[in-house]
Amino acid sequence: METPAWDSALLHQINGIWHFPVLDALMPLCSEAWMLLPVLGLALLHVCLKDRAFNWKRLLRVAGLCLLAVIAAQMASQEAKRLTERQRPLHSLSDVRYYDAKLDAWRQTSDAYPSGADVSGSSFFSGHAAESMALAAVLFLFLPALRGWIWLVPLLCGYSRVYMGEHYPSDVLVGWLAGVLIALLLWTLAREKPKKMQA
């Protein structure tokens, strides 16, 4: 898959120029998939505390829809990666900063580093971006008590993937779009039976 010039330029800007110690510490945390679980828990708890008349059956349905959305986003991302076989920036470019979890340190790729690594390709599109956006969009659509803060989750998660050299910006943008589309599909299907959703 060919990488547009703007894609590479923005990648180098975010990954190579806009890096600061505080972001170096924060971005690996924002990139962790398990961070979605406390976000889901806090969102549901927030709604329960804010709305005393909140129906627990509806709460469980929304939690189930969140899980379904995340699974669908993950499957869509895996299939797209299989079809496009686009390599990650840290596996195909030199001078890309990346986080080595084993060493708990930031490193930089060299000209010799991308020698056939990650040959299957796993960049397009970002599963992290798709899953976090699908979760945020489902929560936003089905829980009116939530406000715009929920969008910070996919924005930080997606940005972290570019910052860490794991994805090109286009990988994240398409992942966000896929997450929104999946959430809207679930929203449309669920609204066909409004009585059940309000039970």
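Predicted model, so just to flag it, every value in this text is computed and none were measured.

Q: What should I look at first to understand the overall build of the chain in this one?
A: The helix and strand inventory of the chain stands at nine helices and two strands. Ordered by position from N to C terminus, the α and β elements of the chain give α-α-α-α-α-β-β-α-α-α-α. In the chain, the proportion of contacts linking residues at least 24 apart, taken out of those at least 6 apart, comes to 77%. Total accessible area on the chain stands at roughly 10800 Å², and carbon and sulfur atoms take up 66% of it.

Q: In this structure, what is going on with the side chain of Asp24? I would like to understand it.
A: Within the secondary structure layout, Asp24 lies in helix α2 (residues 21-30). Reaching out from Asp24, the side chain makes a polar contact with the side chain of Arg97 at a distance of 3.1 Å. Discounting chain neighbours no more than four positions away, the residues touching Asp24 are His19, Arg97, Trp106 and Tyr163.

Q: Help me understand the packing of aromatic side chains in this model?
A: Counted according to the given criterion, the structure contains six aromatic pairs. With a centroid separation of 5.2 Å and 50° between ring planes, the pair formed by Phe140 and Trp151 is classed as tilted. With a gap of eleven residues between them, Phe140 in helix α6 (residues 127-142) and Trp151 in the loop between α6 and α7 (152-163) connect regions that are remote in the sequence. The exposure class assigned to Phe140 is partly exposed, which follows from its relative accessible area of 35%. Accessibility expressed as a relative area gives 26% for Trp151, which makes it partly exposed. An aromatic cluster of three or more residues is present, and its members are Tyr99, Trp106, Tyr159 and Tyr163. Its guanidinium or amino end placed over the ring of Trp106, Arg97 lies 4.6 Å from that ring's centre, counting from NZ or CZ.

Q: In this structure, what is going on with the layout of surface pockets? I would like to understand it.
A: The gaps left among the atoms become clear once a water-sized probe is rolled over them. For the largest pocket, the calculated volume is near 200 Å³. Considering the residues around the largest pocket, the lining is formed by 15 residues, among which Leu29, Cys30, Met35, Val153 and Cys157 are closest to the centre. When residues of the lining of the largest pocket are traced back to their parent elements, those giving at least two are α2, α3 (36-50), α6 and α7. Counting residues per element, the lining of the largest pocket draws most heavily on α7, which supplies four residues.

Q: What am I meant to see in the nonpolar core here?
A: Formed by 32 residues in total, the largest nonpolar core has its most connected members in Leu44, Val62, Cys66, Leu135, Val138 and Leu139. Broken down by secondary-structure element, the contributors of at least two residues to this core are α3, α4 (56-84), α6 and α8 (169-191). Setting aside residues no more than four positions away along its own chain, Val62 makes contact with Leu44, Val138, Leu139, Phe142 and Leu143. Leu23, Cys30, Val162 and Val172 belong to the second largest nonpolar core, which has 13 residues in total.

Q: Hey, could you run me through a nonpolar patch on the surface in this one?
A: Side chains of Trp6, Leu10, Ile17, Trp18, Phe20, Val22 and Leu173 sit close together on the surface and give an oily, nonpolar patch of about 700 Å² of accessible area. It is helix α1 (residues 5-17) that contributes the most residues to the nonpolar patch, three residues altogether. Position of Trp18 relative to the elements: it lies in the loop between α1 and α2. Take Trp18: its relative accessible area is 39%, and that puts it in the partly exposed class.

Q: Got a minute to help me understand α2 in this structure?
A: Since the α-helix turns once every 3.6 residues, residues separated by three or four places project in the same direction. Within α2, burial applies to Leu23, Asp24, Met27, Pro28 and Cys30. Here the buried residues of α2 occupy an arc of 155° about the axis, which is enough to place them on one side. Residues of α2 that are exposed and point more than 90 degrees away from the buried face comprise Pro21, Val22 and Ala25. Considering only its buried residues, α2 is in contact with β1 (97-100), β2 (105-108) and α7.

Q: Would you explain the side chain of Ser77 in this entry?
A: With respect to the element layout, Ser77 can be found in helix α4. Not counting the four nearest positions on each side in its chain, Ser77 is found in contact with Phe124, Phe125, Ser126 and Gly127.

Conventions used here
Residue positions within a chain follow its written sequence, with the count starting from 1. Selection of residues for local features in this predicted model requires a pLDDT of at least 70, selection of side-chain atom pairs for listing and counting requires 80 or more, and totals for whole chains, interfaces and linings are taken over all residues. Heavy atoms throughout the structure, all of them, feed into the side-chain values; hydrogens and water do not. Numbering of helices and strands starts at the N terminus; helices are DSSP runs of H or I of at least 4 residues and strands are runs of E of at least 2. The contact rule is simple, with two residues in contact once any of their heavy atoms fall within 4.5 Å. Surface exposure here means Shrake-Rupley accessible area, sampled with a 1.4 Å probe, where a residue is shielded only by the protein chains that are shown. For this analysis, a polar contact is any N or O atom pair within 3.5 Å, provided that within protein one partner can donate a hydrogen and the other can accept it, and provided that sequence-adjacent residues contribute only side-chain to side-chain pairs. Any Phe, Tyr or Trp ring, taking Trp's six-membered ring, that has another such ring centre within 6.5 Å forms a pair; planes under 30 degrees apart are called stacked, those over 60 apart edge-to-face, and the others tilted. Any residue under 20% of the maximum accessible area for its type is buried, any over 50% is exposed, and the rest in between are partly exposed; the area is computed with a 1.4 Å probe on protein chains only. Definition used: whenever NZ (Lys) or CZ (Arg) falls within 6 Å of the ring centre and also within 35 degrees of the ring normal, the charge is taken to sit over that ring. Of the two site types, the cavity is a set of points on a 1 Å grid over the protein atoms alone where a 1.4 Å probe fits but cannot get out, and the pocket is an open set with protein on both sides within 12 Å along at least five of seven lines, each lined by residues with an atom within 4 Å of a point. Grid points are joined across faces, edges and corners, and a volume is the space filled by probe spheres set on the points. Nine residue types can take part in a nonpolar core, namely buried Ala, Val, Leu, Ile, Met, Phe, Trp, Tyr and Cys, and a core is a set of them joined through side-chain atoms within 4.5 Å. Patch membership is restricted to residues that have no salt bridge and whose relative accessible area is over 30%. Joining uses 9 Å for like charges and 5 Å for the nonpolar side chains Val, Leu, Ile, Met, Phe, Trp and Tyr. Salt bridges are identified by distance alone: a Lys or Arg side-chain nitrogen within 4 Å of an Asp or Glu carboxyl oxygen. Read the arc as the range of directions from the helix axis to the C-beta atoms.

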